[in-house]
Amino acid sequence: MPFYVSPEQQMKDKADYARKGIARGRSVVVLQYDDGILFVADNPSRALHKISEIYDRIAFAAVGKYNEFENLRLGGVRYADVNGYQYDRRDVTARGLANVYAQSLGTIFTETNKPYEVELVVAEVGDSAETDQIYRLTFDGSVADEHGYVAMGGQADAVAQALKDRYRDGMTQVEAFRAAVESLEAQDADRHLEASSLEAAILDRNREHRLFRRLPTARIEGLLGEAGSTPEPESDS
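A few points on the structure. Because the structure is a prediction, the values reported are computed rather than measured.

**Description of the pairing of strand 3 (residues 51-55)**
Among the five residues that make up strand 3, four are buried, leaving the element largely enclosed by the rest of the structure. Taken together, the four bridges between strand 3 and strand 4 (residues 58-64) define a ladder with antiparallel strand orientation. Paired with Glu53 across the bridge in strand 4 is Ala59. Counting the residues that bridge the hairpin from strand 3 to strand 4 gives two residues.

Put into structure tokens, the structure is as follows:
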């Protein structure tokens, strides 16, 4: 005999299920620096990427179930390619892509029994830090316009608090990378991330055409070395 579940309880159960799934994943942080936007993920896999290029100035980062956010990534690439071909490449924006993702995630959350266990960031680098766009999307299709930094997955609250303590406007790439790694390590006092455990990429506003660049392990090792030898900037207070 079927039993009745109120819509409110059903939505709450779905949200709790999705949050637990996302929290089991490893964290990703996204933060602005003086020349663009940096993406750093706690991800030892060399094949399964959490950070990817979507279009010329747009990148994608995700946490949660890989097959689900990979479907979303591929859909975003198709959306960008079709709109760039039919109209103009400048008409493909992070805002438009975030709206498409919000509609898809919202529909899946409300109309299916199982929600996607994913959280996304869609970022677009501008000609200056003031024109950068970072949008965070949650499993239910909610969209937040973020500024400065974002933390997703794992113990996201602890990572976000660590980022808040370390982030400042106009950071160099080395400073931003150090803040990202130290914030990821803040989830566990004994955690020390090596280059082989990190995935990193940037949107570099100083490049031309395709601004996305994935950082190889050798460059990550170099950034870790530079970050370790760079003194902390003095506080303004």
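**Comments concerning helix 3 (residues 94-111)**
Along its 18 residues, helix 3 runs 25 Å from first to last C-alpha, staying within 8% of the 26 Å computed at 1.5 Å per residue. Among all positions in helix 3, only Ala94, Gly96, Leu97, Ala98, Tyr101, Ala102, Leu105, Gly106, Ile108 and Phe109 are buried.

**Here we look at the environment of Phe212**
Among the structural elements, Phe212 can be located in strand 10 (residues 212-215). Residue Phe212 is classed as buried on the basis of its relative accessible area of 11%. Residues Phe212 and Asp157 lie 55 residues apart in sequence; the distance between their C-alpha atoms is 27 Å. Setting aside residues no more than four positions away along its own chain, Phe212 makes contact with Ile51, Ser52, Glu53, Asp56, Ala59, Ala201, Ile202, Leu203 and Arg207.

**What to know about the packing of aromatic side chains**
The tally for this structure, following the rule as stated, stands at four aromatic pairs. Ring centres of Tyr66 and Phe69 lie 5.3 Å apart, and the angle between their planes is 80 degrees; on these two criteria the pair is classed as edge-to-face. Of this pair, Tyr66 and Phe69 both sit in helix 2 (residues 66-86), three residues apart, which is roughly one turn of the helix. Taking the centre distance of 5.5 Å and the plane angle of 55 degrees together, the rings of Tyr149 and Tyr167 count as tilted. Here Tyr167 lies in the loop between helix 4 (156-166) and helix 5 (173-185) and Tyr149 lies in strand 8 (residues 149-152), a separation of 18 residues in the sequence. Residue class for Tyr149 comes out partly exposed when judged on its relative accessible area of 23%.

Cut-off values and rules
- Residues numbered from 1 in each chain as written.
- Predicted model: local features only at pLDDT ≥ 70, side-chain atom pairs only at ≥ 80, totals over all residues.
- Heavy atoms only, no water.
- Buried < 20%, exposed > 50% of the residue type's maximum accessible area, 1.4 Å probe, protein only.
- Helix = DSSP H or I, 4+ residues; strand = E, 2+ residues; numbered from the N terminus.
- Pairing = 2+ DSSP bridges.
- Expected span 1.5 Å × (residues − 1).
- Contact = heavy atoms within 4.5 Å.
- Phe/Tyr/Trp six-rings, centres within 6.5 Å; stacked < 30°, edge-to-face > 60°.

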